[in-house]
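Tertiary structure, described
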Amino acid sequence: MTDYSVNIPKARAARHGRAEYRIYFGLILLAALPFGVVGWMVSPLTKKSRHSGNPVQRAVAEARAITPMIFQA
């Protein structure tokens, strides 16, 4: 017989739909795109290297970092 007073099973967190995640991801991507463009334009001035990735890659990286934080809260 299992003793539940010692190891209480944790309830599963409610899972959000994939569509909701994509909507938030898209909105954050659209918001991060102007900042990615500005960072891409300023990058050659602040660094010696001219190859710093394109602005879309920067925005996607930011959206991939921020969107899971929203769903964890």
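Only a predicted model underlies this, so the values are computations on that prediction, with no experimental measurement involved.

Details of the overall build of the protein chain
Across its full length, the protein chain carries 2 helices and 0 strands. By the burial criterion, 16% of the 73 residues in the protein chain qualify as buried. Contacts spanning at least 24 positions in sequence make up 61% of the contacts within the protein chain whose residues lie at least 6 apart. Element-wise, carbon and sulfur atoms account for 62% of the exposed surface of the protein chain, whose accessible area totals about 6,600 Å².

Section: the packing of aromatic side chains
In the structure shown here, the tally under the stated rule is 3 aromatic pairs. Considering the side-chain rings of tyrosine 21 and phenylalanine 25, the 6.5 Å spacing of their centres and the 15° angle between planes classify their relative orientation as stacked. Residue tyrosine 21 and its partner phenylalanine 25 are both found in helix α1 (residues 18–46); the two are separated by 4 residues, about one turn of the helix. Relative to phenylalanine 71, the ring of tyrosine 21 has its centre 5.4 Å away and its plane inclined at 40°; by these criteria the two rings are tilted.

Focus: α1
A rise of 1.5 Å per residue sets the reference length of α1, with its 29 residues, at 42 Å; its end C-alpha atoms lie 39 Å apart and thus fit the reference within 8%. Its axis deflected by about 35° at alanine 32, α1 carries its strongest bend there, up to four residues before the proline proline 34. For α1, the complete set of buried residues consists of Phe25, Ile28, Ala32, Gly36 and Ser43.

With respect to the packing of α1 against helix α2 (residues 55–72)
It is the contact of α1 with α2, at a shortest axis distance of 6 Å, that shows an interaxial angle of 140°. By the angle class used here, α1 and α2 are oblique. Handedness of the crossing formed by α1 with α2: right-handed. Looking at the contact of α1 with α2 residue by residue, the classes come out as 18 nonpolar, 4 polar and 4 charged.

Regarding α2
Along its 18 residues, α2 runs 27 Å from first to last C-alpha, staying within 8% of the 26 Å computed at 1.5 Å per residue. Those residues of α2 hidden inside the fold are in contact with α1. Looking at where α2 begins, the residue whose side-chain oxygen comes 3.2 Å from the main-chain nitrogen of valine 56 is asparagine 54.

Section: a nonpolar patch on the surface
Side chains of Val38, Trp40, Met41 and Val42 sit close together on the surface and give an oily, nonpolar patch of about 380 Å² of accessible area. Turning to its location among the elements, tryptophan 40 is positioned in helix α1.

Here is what the cut-offs are and how they apply
- Residues numbered from 1 in each chain as written.
- Predicted model: local features only at pLDDT ≥ 70, side-chain atom pairs only at ≥ 80, totals over all residues.
- Heavy atoms only, no water.
- Helix = DSSP H or I, 4+ residues; strand = E, 2+ residues; numbered from the N terminus.
- Buried < 20%, exposed > 50% of the residue type's maximum accessible area, 1.4 Å probe, protein only.
- Contact = heavy atoms within 4.5 Å.
- Areas by Shrake-Rupley, 256 points an atom, 1.4 Å probe, with all protein chains shown as cover.
- Phe/Tyr/Trp six-rings, centres within 6.5 Å; stacked < 30°, edge-to-face > 60°.
- Expected span 1.5 Å × (residues − 1).
- Bend = angle between axes of the 7 residues up to and from the residue.
- Axes fitted to C-alpha atoms, helices over the stretch in contact; angles between N-to-C directions.
- Parallel < 35°, antiparallel > 145°, perpendicular 65-115°, else oblique.
- Left-handed = near helix turned anticlockwise from the far one by under 90°.
- Nonpolar A, V, L, I, M, F, W, Y, C, P; charged D, E, K, R; others polar.
- Polar contact = N/O pair within 3.5 Å; in protein donor to acceptor, adjacent residues only side chain to side chain.
- Patch = residues over 30% accessible without salt bridge, like charges linked within 9 Å, V, L, I, M, F, W, Y side chains within 5 Å.
- Salt bridge = Lys/Arg side-chain N within 4 Å of Asp/Glu carboxyl O.

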